[in-house]
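These are the residues of each chain, in order.
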Amino acid sequence: MTAPSDLAERLGLAPGARAIILNADDFGMCHAANTAIVELLDAGRIDSTTLMVPCSWAPEALSFAAARRDLDVGVHLVLTSEWSRYRWRPLTGTTTTLVDADGFFPVDVASVEQHAATDDVVAELAAQLQAALDAGVDVTHLDNHMGSVYGLATGRDFLGEVFALAAQHGLPFRLPRSMDGVSADTLARATGAADALGVEIIDRLWSHPFELVGEGTDAAETYEQVRDGFVALLRAVPAGVTEIYLHPMTDTEELRSAVDFAAVKRGYELRLLSDPVVVQTIADEGLVRIGWRALRDLQRGTR
């Protein structure tokens, strides 16, 4: 396992500290996401969230975030729109290289990497961040929906452009120094670019399976199995700073109408983040919960 960086030390944490950031992705995607994430933020069950500005329910999420500037809310930079019945479009319009034949963001990352013009990507990501700032959100960090800027599908990435945006606004970015499935050389180049611009990044990025194993069958995972898998993940967190991202949502008719699968899993994730077993595991393991604001303040020299 790759040794952690000195980030935890620079954040003032004890030697060997196992720090986690519990982040909820997809704030603003739908009302089901908003209700779940607001509930978790208010209860202190998550440390941060990231907001999908182009989505239909973003105004509700932006309004909440602008009124609660004490909370850690980042921008979930979007270049894809993956569902078949519910889609979203670029803020910069539908005459760019960022849309498919129907005028929406493409459904898959490979299409973005193959067809998106760099200038169009730069303009769209800047517009998404600026929209959040203009709405009054005290943006704490940036990350990326579906990994569309990482070059995971074809090797063509937009990380340099994202780092420039992050550095311009003094924001950290969700890039792990180690990540399964990504070569050490690729990560070394990316992390080196972030370091050169002074953009704070994390040691590692973890989650658990997006889909519910066996969904729609008699062998589908139970809530207890999902929870036990998450508990095992928490127990395995090593020293350094690890972001663990989830997609908690209320399992409603709206959600099931919007997504093609995984509605049940989204509901399970809402439930497990408040589960006493999970809360107790975090305490028993001595995991230190931090937010992205700490990294932002470190980057800006205000910590």
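Look above for the structure.
Residues numbered from 1 in each chain as written. Predicted model: local features only at pLDDT ≥ 70, side-chain atom pairs only at ≥ 80, totals over all residues. Heavy atoms only, no water.

Provide a residue-level description of the overall build of the chain, including the pertinent values.
The helix and strand inventory of the chain stands at twelve helices and eight strands. In terms of overall size, the chain behaves like a compact globule, its C-alpha atoms giving a radius of gyration of 18 Å where 303 residues would be expected to give roughly 19 Å. Over its C-alpha atoms, taken along the principal directions, the chain stretches across nearly 55 × 50 × 40 Å. Looking at the chain residue by residue over its 303 residues, the buried ones come to 54%. Accessible surface, the chain as shown: approximately 12,300 Å² in total, 51% of it carbon and sulfur. Counting 24 positive and 44 negative side-chain charges, the chain places the averaged centre of each group 4 Å from the other. (Helix = DSSP H or I, 4+ residues; strand = E, 2+ residues; numbered from the N terminus. Rg over C-alpha atoms; globule rule 2.2 N^0.38 Å. Buried < 20%, exposed > 50% of the residue type's maximum accessible area, 1.4 Å probe, protein only. Areas by Shrake-Rupley, 256 points an atom, 1.4 Å probe, with all protein chains shown as cover. Lys, Arg positive; Asp, Glu negative; His and termini not counted. Charge placed at Lys NZ, Arg CZ, Asp CG, Glu CD.)

Which residues make up the pattern of salt bridges, and what are the values?
Taken as a whole, this structure holds 20 salt bridges when the rule is applied. In this structure, Asp260 engages Arg85 in a salt bridge whose closest nitrogen and oxygen atoms are separated by 3.5 Å. Of the two residues, Asp260 is situated in the loop between helix H9 (253-258) and helix H10 (263-273) and Arg85 in the loop between strand S3 (73-77) and helix H4 (109-115); the sequence distance between them amounts to 175 residues. Judged by its relative accessible area of 35%, Asp260 is partly exposed. Classification of Arg85 as exposed rests on a relative accessible area of 51%. Arg174 serves as the salt-bridge partner of Asp143, at 3.1 Å between the closest nitrogen and oxygen. In this pair, Asp143 is assigned in strand S4 (residues 139-144) and Arg174 in the loop between helix H6 (159-169) and strand S5 (176-178), connecting sequence segments 31 residues apart. (Salt bridge = Lys/Arg side-chain N within 4 Å of Asp/Glu carboxyl O.)

Residue-level account of the packing of aromatic side chains, with values.
Inspection of every chain in the model, using the stated rule, returns eight aromatic pairs. Residues Trp83 and Phe261 carry aromatic rings whose centres are separated by 5.3 Å and whose planes lie at 70° to one another, so their mutual orientation is edge-to-face. Of this pair, Trp83 sits in the loop between S3 and H4 while Phe261 sits in the loop between H9 and H10, and the two are 178 residues apart along the sequence. Look at Trp83 and you get buried, because its relative accessible area is 4%. Taking the relative accessible area as the measure of exposure, Phe261 reaches 32% and is therefore partly exposed. For the ring pair Tyr86 and Trp88, a centre distance of 5.1 Å and an interplane angle of 70° mean the geometry is edge-to-face. Summarising the burial analysis for this pair, Tyr86 and Trp88 share the class buried. Taking NZ or CZ as reference, Arg174 lies 4.6 Å from the ring centre of Tyr245, over its face. Lying over the aromatic face of Tyr223, Arg271 brings its terminal NZ or CZ to 3.7 Å of the ring centre. (Phe/Tyr/Trp six-rings, centres within 6.5 Å; stacked < 30°, edge-to-face > 60°. Lys NZ or Arg CZ within 6 Å of the ring centre and 35° of its normal.)

Quick one: what's the story with helix H2 (residues 31-43), residue by residue and with numbers?
End to end, H2 covers 18 Å across 13 residues, agreeing with the expected 18 Å (1.5 Å per residue, within 8%). Residues of H2 that are buried include every one of Ala32, Ala33, Asn34, Ala36, Ile37, Leu40 and Leu41, and no others. Of the surrounding secondary structure, the elements contacted by the buried residues of H2 are strand S1 (18-27), strand S2 (48-51), helix H3 (58-67), H9 and H10. Backbone geometry just downstream of H2 places Gly44 in the positive-phi region, at approximately 70°. (Expected span 1.5 Å × (residues − 1). Contact = heavy atoms within 4.5 Å.)

Which residues make up unusual backbone geometry, and what values do they have?
Phi at Met146 is positive, roughly 65°, even though this residue is not glycine. Its identity is not glycine, yet Ala262 carries a phi of approximately 75°, on the positive side. With respect to the helices and strands, Ala262 occurs in the loop between H9 and H10.

Could you give me a rundown of the state of the cysteines, with the residues and numbers involved?
Formally, a disulfide is one covalent bond, and it connects the sulfur atom of one cysteine to the sulfur atom of another. Scanning the entire structure with this criterion turns up zero disulfides. Cys55 supplies the cysteine sulfur nearest to Cys30, a cysteine that is in no disulfide, at a spacing of 8.4 Å. (Disulfide = S-S within 2.5 Å.)

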